[in-house]
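# Descriptive structure summary
These are the residues of each chain, in order.
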Amino acid sequence: MRKLALSLAIACLFFHYGSILSARARTDLLSQTPSPQPDQVTPQPSDEELDQGDPFFRVPEPIMQYFYSNSQQLNICPGGSSFPFQVGSFAYPLGTQGYLVQLLCFQTAYQNNYNFFVYRETNQGVNVWRVKLPKFEINSSGQRVETQMDEVVGLVDYEPVQGVLTVFTKYRGIGDCGSFAKYQWDQVDFKAIEYREKSDCDGNFVDPENYPQIYP
């Protein structure tokens, strides 16, 4: 009984001391966080946005409305919904030349489907075109074949400063097979830097960056 009482006393002491440290940590954090000015609005990203990328690259409302209004003419999201989702879609500035727009079409249990467009406003009006990505595979003759993807399926990460797009596409949910690709943006479209694929869904997990290389 004495050992039990001693253990409980020690536990209470650690809990009390941890609460003091936690309170001090919160106080320090709040003291370092700048208070928003009265005329400023502090963005509050949702959980979905945090999962999908940087919330500060949200698509501007007029641009999103343009894609909604012209979804049929632009053939947006042909494999899923008839219009893209605003949450999970992003617009990356291309200097003063417009935006690279990443539209989320639909989500599955383990990856997403996107359409990419370039959106530019000119004196003649809005200029928009679809961005296609190169895809590579080895055919039955052992030859490398290149095709173009209208839609991007997978886990997508875009670095706007470097202009590098990384796509990991799972061939099934457990992620033991798929493709891994990197592309470089050149102000017009994406050029392939690297393309790898593991086509055998054999239950053996390999880092996608170590998949067998197909390109270059």
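Summary of the structure given here. (Residues numbered from 1 in each chain as written. Predicted model: local features only at pLDDT ≥ 70, side-chain atom pairs only at ≥ 80, totals over all residues. Heavy atoms only, no water.)

### Re the state of the cysteines
A complete count under the given rule lists two disulfides for this structure. Here cysteine 177 connects covalently by a disulfide to cysteine 201, the sulfurs 2.0 Å from one another. An S-S torsion of about 85° defines the bridge between cysteine 177 and cysteine 201 as right-handed. With cysteine 177 in the loop between β8 (164–170) and β9 (178–185) and cysteine 201 in the loop between β10 (190–198) and β11 (213–215), this pair connects stretches of sequence that are 24 residues apart. (Disulfide = S-S within 2.5 Å. Helix = DSSP H or I, 4+ residues; strand = E, 2+ residues; numbered from the N terminus.)

### Remarks on the pattern of salt bridges
Applying the stated rule across the entire model yields five salt bridges. The partner of arginine 172 in a salt bridge is aspartate 176, with the nearest N and O atoms 2.6 Å apart. The exposure class of arginine 172 is partly exposed, given its relative accessible area of 33%. Residue glutamate 194 pairs with arginine 196 through a salt bridge whose shortest N-O separation is 2.5 Å. Under the relative-accessibility criterion, glutamate 194 is labelled buried at 17%. (Salt bridge = Lys/Arg side-chain N within 4 Å of Asp/Glu carboxyl O. Buried < 20%, exposed > 50% of the residue type's maximum accessible area, 1.4 Å probe, protein only.)

### So, the environment of aspartate 176
In this structure, aspartate 176 sits in the loop between β8 and β9. For the pair aspartate 176 and valine 206, spaced 30 residues apart in sequence, the C-alpha to C-alpha distance is 6.9 Å. Not counting residues up to four positions away in its chain, the partners in contact with aspartate 176 are Lys198, Asp200, Cys201, Asp202, Gly203, Asn204, Phe205 and Tyr211. Among the polar contacts made by the side chain of aspartate 176, one reaches the side chain of arginine 172 at a distance of 2.6 Å. (Contact = heavy atoms within 4.5 Å. Polar contact = N/O pair within 3.5 Å; in protein donor to acceptor, adjacent residues only side chain to side chain.)

### What to know about helix α3 (residues 61–69)
Turning to α3, its buried residues number three or more, namely Ile63, Met64 and Phe67. Each buried residue of α3 lies within a common arc of 100° when the element is viewed along its axis, so the set occupies one face. Seen from the buried face of α3, the exposed residues on the opposite side, beyond 90 degrees, are Pro62 and Ser69. Buried residues along α3 sit against α4 (71–74), β1 (85–93), β2 (99–107), β3 (112–122) and β4 (125–131). (Arc of directions from axis to C-beta.)

### Concerning the packing of aromatic side chains
Two measures describe an aromatic ring pair: the distance that separates the ring centres and the angle between the ring planes. Summed over the entire model, instances satisfying the criterion amount to 13 aromatic pairs. Between the aromatic rings of phenylalanine 67 and phenylalanine 117, the centroid separation amounts to 5.4 Å while the plane-to-plane angle is 50°, which identifies the pairing as tilted. Here phenylalanine 117 lies in strand β3 and phenylalanine 67 lies in helix α3, a separation of 50 residues in the sequence. Here phenylalanine 67 matches phenylalanine 117 in class, with each residue buried. On the numbers, 5.5 Å between centres and 65° between planes, the contact of phenylalanine 136 with tyrosine 195 is edge-to-face. Here tyrosine 195 lies in strand β10 and phenylalanine 136 lies in strand β5 (residues 133–138), a separation of 59 residues in the sequence. (Phe/Tyr/Trp six-rings, centres within 6.5 Å; stacked < 30°, edge-to-face > 60°.)

### Here we look at the layout of surface pockets
Of the voids in this model, the largest pocket is the one considered here, and its volume is about 170 Å³. What lines the largest pocket is a set of 14 residues, and nearest its centre among them are Met149, Val153, Thr169, Ser179 and Tyr195. Residue assignment for the lining of the largest pocket shows that the elements contributing at least two residues are β7 (152–159), β8 and β9. Tallying contributions element by element places β9 first for the lining of the largest pocket, with four residues. Of the residues that constitute the lining of the largest pocket, the class distribution is nine nonpolar, three polar and two charged. (1 Å grid on protein atoms, 1.4 Å probe; cavity = no way out; pocket = protein on both sides within 12 Å on 5 of 7 lines; lining within 4 Å. Points joined across faces, edges and corners; volume = space filled by probe spheres on them. Nonpolar A, V, L, I, M, F, W, Y, C, P; charged D, E, K, R; others polar.)

All we've got here are geometric facts, nothing functional implied.
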